[in-house]
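Okay, here's what each chain looks like letter by letter:
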Amino acid sequence: MRYAEHISDLVGGTPLVKLNTVTEGLSATILAKVEYLNPGGSVKDRIALKMIEAAEASGELEPGGTIVEPTSGNTGVGLALVAQRKGYRCVFVCPDKVAKDKRDVLEAYGARVVVTPTAVPPDDPDSYYSVSDRLVREIPGAWKPNQYANQNGPASHYESTGPEIWADTEGRVTHFVAGVGTGGTITGTGRYLHDASAERPAAEGGRVHVVGADPAGSVYSGGDGRPYLVEGVGEDFWPPAYDPTVPDEIIAVTDAESFAMTRRLAREEGLLVGGSCGMAVVAALRLARRLEEEDPAAAAKAVIVVLLPDSGRGYMSKIFDDSWMRSYGFLDASDGVTAGDILR
Ligand code: PMP
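Here, residues in each chain are numbered from 1, in the same order as that chain's written sequence. In view of the model being predicted, local features appear only for residues whose pLDDT reaches at least 70, and side-chain atom pairs are presented and counted only at 80 or more, with totals across whole chains, interfaces and linings using the full set of residues.

Within an unreviewed UniProt entry, the label attached to the chain reads Cystathionine beta-synthase, and the organism entered is Xylanimonas oleitrophica. Its UniProt record, at the heading Sequence similarities (unreviewed entry), says of the chain: "Belongs to the cysteine synthase/cystathionine beta-synthase family." Quoted verbatim from the Cofactor (unreviewed entry) field of the UniProt record, the comment on the chain reads "pyridoxal 5'-phosphate". UniProt positions are given in the numbering used here, feature names are shortened, and annotations may be inferred rather than shown by experiment.

Now for the sheet that holds strand β10 (residues 303–308). One open sheet holds the 6 strands; their spatial order is β1-β2-β10-β7-β8-β9, and the pairing between them is mixed. Strands at the two margins of the open sheet, each flanked by one partner only, are β1 (16–18) and β9 (249–253). Each strand of the sheet is rotated relative to its neighbour by a mean of 25°, with strand direction disregarded. In this scheme, strands are said to pair when DSSP sees at least two bridges between them. Strands here mean DSSP runs of E at least two residues long; helices mean DSSP runs of H or I at least four residues long; both are numbered from the N terminus. Here an axis means a line fitted to C-alpha atoms, over the contact stretch when the element is a helix, while the angle between two N-to-C directions is reported on a 0 to 180 degree scale.

It is characteristic of soluble globular proteins that their nonpolar side chains tend to be buried jointly. In plain words, the nonpolar core is the set of buried Ala, Val, Leu, Ile, Met, Phe, Trp, Tyr and Cys residues that C-beta atoms within 7 Å link up. Each residue is classed by its C-beta neighbour count within 10 Å, where at least 20 other C-beta atoms makes it buried, 12 or fewer makes it exposed, and intermediate counts make it partly exposed; the C-beta atoms are placed from backbone geometry. One finds V177, A280, A283, A284, I304 and V306 to be the most contacted residues of the largest nonpolar core, which totals 59 residues. Examining the composition of this core, we find that 11 residues originate from one element, helix α8 (residues 275–294), more than from any other. Leave out the neighbours within four places in its chain, and A283 touches V177, V211, A213, I251 and V253. The next biggest cluster of nonpolar side chains, apart from the first, holds 29 residues, and it includes M51, A55, L81 and A83. The contact rule is simple: place each C-beta atom from the backbone, and if two of them lie within 7 Å, those residues are in contact.

Quick look at the site of the ligand now. We call a residue near a molecule or strand if the C-beta atom, set from the backbone, is within 6 Å of it. Taken together, 16 residues lie around the ligand, and G181, T182, T185, G232 and S276 are the ones closest in. Each residue gets one of three labels, nonpolar for Ala, Val, Leu, Ile, Met, Phe, Trp, Tyr, Cys and Pro, charged for Asp, Glu, Lys and Arg, and polar for the others, Gly among them. Looking at side-chain class alone, the shell around the ligand contains 3 nonpolar, 11 polar and 2 charged residues.

Turning next to the pairing of strand β2 (residues 29–34). Regular strands place their side chains on alternate faces of the sheet. β2 sits mainly inside the fold: 5 of its 6 residues count as buried. With 3 bridges joining them, β1 and β2 adopt antiparallel strand pairing. Among the inter-strand pairings, L16 is bridged to a residue of β2, identified as K33. Alignment of β2 against β10, held across 6 bridges, turns out to be parallel. Within β10, the residue paired with K33 across the bridge is L307.

What follows is about helix α4 (residues 128–138). For α4, the full list of buried residues reads Y128, V131 and S132. Axial view of α4: buried residues confined to an arc of 95°, hence all on one face. Opposite the buried face of α4, by more than 90 degrees, sit the exposed residues R137 and E138. Buried residues along α4 sit in contact with β3 (66–69), β4 (89–95) and β5 (112–116). Taking the helix axis as origin, the arc is that swept by the directions to the C-beta atoms.

Right under this line is the structure:
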């Protein structure tokens, strides 16, 4: 019989799928790594597993311990499902601006969710940061993974995501594109692909070119922290999980472009994915177009892998909701469904 002992044993090993329609006019092969096929529905399962196992090994997390993390989404789900197997409690601290749906998902996995007011400064005792720090101090056996600083985040990608891409492309990947949030994905995967391709001859693609995709306004692409709506990526500070020497280039993408592409991926490629996925695909297509202009022969041989972090299910009331999109000016009033659309 072929079965896993536990759902957390199914983390990683996600497939690559070729993008076919959104790539029209481009000769590069563009392959998406579909991270929503992880058991918790996102790329974050990988770091959750590695951070917990490393904390057990170092003694920071002991049997019966409690995991406390300020997170509202994907990392919480990953931590909760690994914690279940190992008998840890989870407490997640979320600001009240986080949609109730997201908090409900964490509670459904058995986690305790503590909601803090958004409209207070970070040093207020009720802030998101103060409350999570206080809980860590007060709960016996509490451990805070701190995904923004924990080096086991990038390490998980060095050990799993990178080798999977290298093996599945038979060492032919030439470019890697991923969004940057904590920076763990691009740092670990990019570092592995650089190392794996360090000695590869130029005729076979040379060293892998690593591209970070970033929401326009975020610090990674030189912004000042100006607000943007795409979730999970971009920062207004430089997290220690991010090594800025790894990406060879950063491409900034606007919310409007990210969301339009996210909707196209669902409609045209059958990939119901989140907004940071649309953002990464826009960056990959922009890169492919530039290769095409610079050197069409090299572009035809390029193998661009773009990582899609999560599913679109968590964004139904935003990116996939026409009135939400329209309220931000991302859809024209005339962009509703027409007979032509239905018959197309
Ligand atoms: N997209 C989504 C939806 C995410 O939740 C995250 C993680 N914050 C990312 C992209 C970016 O991944 P990383 O933190 O590894 O940079």
